[in-house]
Amino acid sequence: MFRKIRTFFVGALFTTLIVLGSLNYLNGRISQPAIANAAKATVSAKTALLPSADASDVQLSQDDQYIAYKDKEGFN
């Protein structure tokens, strides 16, 4: 009986270590900037009329085709 309990806890320990290691690795990958040289990135001026006057957090898609913004209703 003791052997089964010990096997369970050893397995749980290794599983926990693997999961925490994976999460740490992924967190490091996510926190890296998307643009390698963010200081050298250029921004060009674009104008667009948004249907909401309360728009905030305006973002342009990578291919300059779509605009995302947040208003009272959520993301659009």
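Worth saying up front: this structure is predicted, and the values here are computed from it rather than measured.

A word on the overall build of the protein chain. In terms of helices and strands, the protein chain carries one helix and three strands. Classification of the 76 residues of the protein chain by burial places 5% in the buried group. The contacts of the protein chain with a sequence gap of at least 6 include a subset with a gap of at least 24, amounting to 0%. If you sum the accessible surface of the protein chain, you get close to 7,400 Å²; carbon and sulfur atoms cover 60% of it.

The next thing to look at is the confidence of the model for the protein chain. Per-residue pLDDT for the protein chain has a mean of 78; in total, 74% of the residues score no lower than 70. Within the protein chain, the lowest mean pLDDT, 66, falls on strand 3 (residues 74-75), and the highest, 90, falls on helix 1 (residues 2-31).

What follows is about a nonpolar patch on the surface. Taken together, the side chains of Met-1, Ile-5, Phe-8 and Phe-9 make up a nonpolar region of the molecular surface, amounting to roughly 520 Å² of accessible area. Of note, Phe-8 is situated in helix 1. With relative accessibility at 56%, the residue Phe-8 sits in the exposed group.

A separate point is the packing of aromatic side chains. Evaluation of the coordinates by the stated rule reveals one aromatic pair. With a centroid separation of 5.4 Å and 70° between ring planes, the pair formed by Phe-8 and Phe-9 is classed as edge-to-face. The pair Phe-8 / Phe-9 is uniform in exposure class, with both members exposed.

It is worth spelling out the pairing of strand 2 (residues 67-71) at this point. The pairing of strand 1 (residues 56-60) with strand 2 spans three bridges and is antiparallel. In the sheet register, Ser-56 faces strand 2, and the bridge partner there is Lys-70. Between the antiparallel neighbours strand 1 and strand 2 lie six residues, among them Asp-64 with a positive phi of about 60°.

Each value, and the rule that gives it
- Residues numbered from 1 in each chain as written.
- Predicted model: local features only at pLDDT ≥ 70, side-chain atom pairs only at ≥ 80, totals over all residues.
- Heavy atoms only, no water.
- Helix = DSSP H or I, 4+ residues; strand = E, 2+ residues; numbered from the N terminus.
- Buried < 20%, exposed > 50% of the residue type's maximum accessible area, 1.4 Å probe, protein only.
- Contact = heavy atoms within 4.5 Å.
- Areas by Shrake-Rupley, 256 points an atom, 1.4 Å probe, with all protein chains shown as cover.
- pLDDT = per-residue confidence, 0-100.
- Patch = residues over 30% accessible without salt bridge, like charges linked within 9 Å, V, L, I, M, F, W, Y side chains within 5 Å.
- Salt bridge = Lys/Arg side-chain N within 4 Å of Asp/Glu carboxyl O.
- Phe/Tyr/Trp six-rings, centres within 6.5 Å; stacked < 30°, edge-to-face > 60°.
- Pairing = 2+ DSSP bridges.

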